[in-house]
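Here's the letter readout for the chains.
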Amino acid sequence: METPLAPCTKIRHGVRITCDLGMNQRMRSPLRLFLLGLLLLALPLQSGAQPPQVGRIILEKGVVLVQNAKRERLLHKAGSVLPMLAGDRIRTGAESVVTVKLRGHPASVVLQSQSYLELGELTPELSLVRLLAGKGRFKIRRGASSSSQRQRLEVQSLRASLGSGNADFIVGVTDSRIAVLVVSGSVRFTPLSHPKQAVAVSKAQASLQEAGYAPSPAVSVSKLVQNKVSAQDDPEGFMAAILFPKAAPLGDLEADSQAVLAISADHAQETFAILRGMATDQARTASEGAP
């Protein structure tokens, strides 16, 4: 009668080979723990990955909501500073002022109440931001370095862009109009659908674009009116403070702007949905910020 083989016993070439199950298990356990530890270490790195930091957001007063795919932060204490990440969307509340400073670029932005700003492309040569509602002041301070001299700032709305390499200018945006007042330097005011109908706006000048029209010819603005515009908290007051000349209707759609308009139209649908929800968000931020 053959003796039953013990667990983990094999016969090879007539030789009985017996292994130690306990030893195998003891060897496997540390290996499993080691692999599990590596997995646990890797998970926080993946889940906690954040977009790169590209600047700072400083709340001067009021409230601001900062959102991107990875976070949502509400600031309601004056003086609060939040690192700004690539892809951030910034919405200010009523009676609010927020300063945005871009890292590695001589530009800063001061946003007024009920404004909506998105960060776009940021490169050593160009910083693209989108002011889709509200009022903001954009300042470009040149440094002595050669890289600083090359950098440009482009501010886009849904209908136009404002580009400059060295200027201090104020922009107001509503759902149908965009206006710019240049305090110093110069800005190129370009309709996205008709780039050839761009207007140059220089120091102490302003221009307005309404839906269906090109930007108005640049008009001179007195220092008194400039100060009034600067003090205004909303874009409507800004636009009402200046008597803009009549603008020409936009011509036929330029072929090279078809793709730009297609992207802008898609973006507009999303943006208008966001803007319609700003009143709801404002009520929420006010309740969350209440003591």
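Whatever comes next refers back to the structure up there.
If you're wondering where the values come from, they're calculated on a predicted model, not measured in any experiment.

(A) How the structure looks around the overall build of the protein. Within the protein, the secondary structure is distributed over six helices and 18 strands. Classification of the 291 residues of the protein by burial places 41% in the buried group. Here the contacts in the protein between residues at least 6 apart in sequence split such that 55% fall between residues at least 24 apart. About 15800 Å² of surface is accessible on the protein, with carbon and sulfur atoms providing 57% of the total.

(B) Just the side chain of His194, in detail. For His194, the location among the structural elements is in the loop between strand S15 (177-191) and strand S16 (199-202). Classification of His194 as buried rests on a relative accessible area of 5%. Side chain to side chain, His194 and Ser193 meet in a polar contact 2.6 Å long.

(C) Geometry of unusual backbone geometry. Unusually for a residue other than glycine, Gln114 sits at a positive phi of about 50°. What makes Gln114 partly exposed here is its relative accessible area of 34%. Of note, Ala204 is a non-glycine position whose phi angle comes to about 65°, a positive value. Looking at the secondary structure, you find Ala204 in the loop between S16 and strand S17 (205-210). What makes Ala204 partly exposed here is its relative accessible area of 22%.

(D) Looking closely at the environment of Gly55. In this fold, Gly55 is placed in strand S3 (residues 53-61). Using a relative accessible area of 3% as the deciding quantity, one classes Gly55 as buried. In sequence terms Gly55 and Ser108 are 53 residues apart; their C-alpha atoms lie 9.6 Å from each other. Not counting residues up to four positions away in its chain, the partners in contact with Gly55 are Leu82, Pro83, Met84, Lys101, Leu102 and Arg103.

(E) Quick peek at the nonpolar core. Among the nonpolar cores identified, the biggest contains 36 residues, and Phe138, Leu162, Phe169 and Val171 are the most heavily contacted of them. In terms of residue count, the dominant contributor to this core is S15 (five residues). Beyond its immediate stretch of four places on either side in the chain, Val171 contacts Leu131, Gly134, Lys135, Gly136, Phe138, Leu162, Ile178, Ala179, Val180 and Phe238. Ranked by size, the runner-up nonpolar core spans 13 residues in total, among them Leu181, Val183, Val221 and Val229.

(F) Highlighting the environment of Val173. Along the chain, Val173 turns up in strand S14 (residues 167-173). Classification of Val173 as buried rests on a relative accessible area of 5%. Linking Val173 and Ser115, residues 58 residues apart in sequence, is a C-alpha distance of 8.7 Å. Apart from residues no more than four positions distant in its own chain, Val173 is found in contact with Leu131, Leu132, Ala133, Gly134, Ser157, Ile178, Pro235 and Met239.

(G) Highlighting the pattern of salt bridges. Going through the model one piece at a time under the given rule, you end up with three salt bridges. Between Arg71 and Asp88 there is a salt bridge, and its shortest N-O distance comes to 2.6 Å. Here Asp88 lies in the loop between strand S6 (81-85) and strand S7 (89-92) and Arg71 lies in the loop between strand S4 (64-67) and strand S5 (72-75), a separation of 17 residues in the sequence. Asp88 carries the same exposure label as Arg71, and that label is buried. The salt bridge partner of Arg137 is Asp168, with a shortest N-O separation of 2.9 Å.

(H) View of the pairing of S7. Two strands pair when backbone bridges link them, and S4 and S7 are joined in this way by four bridges, in the antiparallel orientation. Bridge pairing in S7 links Val64 to Thr92. Note: S7 against strand S10 (residues 116-122), three bridges, orientation antiparallel. Opposite Arg91, over in S10, you have Tyr116 as the bridge partner.

(I) Main features of the packing of aromatic side chains. All told, the structure shown has one aromatic pair when counted by the stated rule. Centroid distance Phe138 to Phe169: 5.5 Å. Interplanar angle 20°. Geometry classified as stacked. One end of the pair, Phe138, is in strand S11 (residues 126-140); the other, Phe169, is in strand S14, and 31 residues separate them in sequence. According to the relative accessible area criterion, Phe138 is buried, its value standing at 0%.

(J) The pairing of S14, seen in detail. The element S14 is largely enclosed, with a buried count of seven among its seven residues. Here S11 pairs with S14 via six bridges, running antiparallel. When the sheet's bridge partners are listed, Lys135 is paired in S14 with Gly172. From the end of S14 to the start of S15, which pair antiparallel, there are three residues.

What counts, and at which threshold
- Residues numbered from 1 in each chain as written.
- Predicted model: local features only at pLDDT ≥ 70, side-chain atom pairs only at ≥ 80, totals over all residues.
- Heavy atoms only, no water.
- Helix = DSSP H or I, 4+ residues; strand = E, 2+ residues; numbered from the N terminus.
- Buried < 20%, exposed > 50% of the residue type's maximum accessible area, 1.4 Å probe, protein only.
- Contact = heavy atoms within 4.5 Å.
- Areas by Shrake-Rupley, 256 points an atom, 1.4 Å probe, with all protein chains shown as cover.
- Polar contact = N/O pair within 3.5 Å; in protein donor to acceptor, adjacent residues only side chain to side chain.
- Core = buried A, V, L, I, M, F, W, Y, C linked by side-chain atoms within 4.5 Å.
- Salt bridge = Lys/Arg side-chain N within 4 Å of Asp/Glu carboxyl O.
- Pairing = 2+ DSSP bridges.
- Phe/Tyr/Trp six-rings, centres within 6.5 Å; stacked < 30°, edge-to-face > 60°.

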